[in-house]
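A structural walkthrough
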Amino acid sequence: MSTPASIPPASPGSPGASQPASPEGESKGGFNVDHLFLGLLAVFFPLAIASHFFFPGVWTFVLCAVALVPLARLMGEATEVIAHKLGSGLGGLMNASFGNAAELIIALAALRSGHSDVVKASITGAILGNLLLVLGAAILAGGLKYPKQKFNMTAALSGSAIMFLALTAMSIPDLFHAVRGPAADKVIFPMSVAISVILLIVYALSLLFSLRTHAHLYAGEEDGAPEEMPVWSTKKASLVLLGATLGVVVVAEFLVHAIEDAIAAFGFTHTFVGVIIIAIIGNAAEHSTAILMALKNKMDLAFNIAFESSKQIALFVAPVLVLVSIPLGQHLTLEFSHMEVLGIAIGTGAATLIALDGESNWLEGVMLLGVYAILGVAFFFIP
């Protein structure tokens, strides 16, 4: 789960410091969303493991998909706790690096199995899911409670500018191939490697911008950030992170092995599975956190979650996958389909329109969700 990496922790006992949640994540009512995720993990993780060995196929895909949701949530929470204890500098860097670890692990498992089309679709889906589904659901939920919510327009538009860079990186190989035709086949992969290096450099500079030189733009709600974290020691958080990561590795491997059975059973295409299904699984943790922040009228955090996670996918996860594909012998490129490039352009444009005035309402959330639904219908019918 990705959270605003640049938000510095409030010092204990300071006027702005929030009271942390109880060790078990209890709220005043005795239940919160963490209980739901833990319940899902306790039920579906062992079922997913058993399914792989005793009745592999469609049920394995479904059970693994559900089990990945709480595992991704645990990874996100453990990362936040460790990052908070490390401070705004190292902590922000860790949050930025591990914020989308679950998505990266799933994509690596698919890449190793030769499902490069699913990997590209999952990258597209993760970006669209954050910009449209996560942000739209958060704006809708917050707008139903508050008539109008405000957020830091400068920080949001900075995220939009970064996403325009990502759109450019995804468009150029596709346009180059369209113009040059078959003659472009030999240069698309070297071009993708070069673009990936550029993206990683820009990503590092964007971290410098948000964590150091312009950290004040992202610190509007710092006094509200720590309250959602469980009270874990660094040792416990590290063990949770290690255990959840291993769990994601195992379940992601089983999920990928069952993809073909699920596609045959449900009639889905590889593109739809990557863009919609796998992306929703990976974004579930962001969904819950962004909605909770919006319901507490903390739209700066909700917007940062959506834009920061999209930035990490486009400028970190995708380039890393391209570079890692070299030793794996798969040669993944940044050449996406016309529909995927168009979808990213539409998603970036829609999120930017919402960010222009620094205010949001529930109808704007409905608009983003509507755009996501329309794109989902289109991807469903792509052969």
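Now for a description of the structure that goes with this document. (Residues numbered from 1 in each chain as written. Predicted model: local features only at pLDDT ≥ 70, side-chain atom pairs only at ≥ 80, totals over all residues. Heavy atoms only, no water.)

With respect to the environment of Ser 116
Mapped onto the secondary structure, Ser 116 falls in helix H5 (residues 116-145). The exposure class of Ser 116 is partly exposed, given its relative accessible area of 31%. Each C-alpha atom, one on Ser 116 and one on Ser 325, is 9.7 Å from the other, the two residues being 209 residues apart in sequence. (Helix = DSSP H or I, 4+ residues; strand = E, 2+ residues; numbered from the N terminus. Buried < 20%, exposed > 50% of the residue type's maximum accessible area, 1.4 Å probe, protein only.)

Some words on empty space enclosed by the protein
In this structure the tally under the stated criterion is five cavities of 30 Å³ or more. When its volume is computed, the second largest cavity comes out at roughly 90 Å³. Around the second largest cavity sit Glu 103, Ile 106, Ala 107, Ser 122, Ile 123, Ala 126, Ile 278, Ala 279, Ile 313 and Val 317, which together line it. Of all elements in the fold, only helix H4 (101-112), H5, helix H10 (270-295) and helix H11 (299-328) reach the threshold of two or more residues within the lining of the second largest cavity. In terms of residue class, the lining of the second largest cavity is built from eight nonpolar, one polar and one charged. (1 Å grid on protein atoms, 1.4 Å probe; cavity = no way out; pocket = protein on both sides within 12 Å on 5 of 7 lines; lining within 4 Å. Points joined across faces, edges and corners; volume = space filled by probe spheres on them. Nonpolar A, V, L, I, M, F, W, Y, C, P; charged D, E, K, R; others polar.)

Considerations on the packing of aromatic side chains
All told, the structure shown has nine aromatic pairs when counted by the stated rule. Look at Phe 151 and Phe 303: their rings are 3.9 Å apart centre to centre, the planes differ by 20°, and that puts the pair in the stacked class. One end of the pair, Phe 151, is in the loop between strand E1 (149-150) and helix H6 (153-180); the other, Phe 303, is in helix H11, with 152 residues separating them in the sequence. Judged by its relative accessible area of 9%, Phe 151 falls in the buried class. (Phe/Tyr/Trp six-rings, centres within 6.5 Å; stacked < 30°, edge-to-face > 60°.)

Interpretation in functional terms is not warranted from these geometric data alone.
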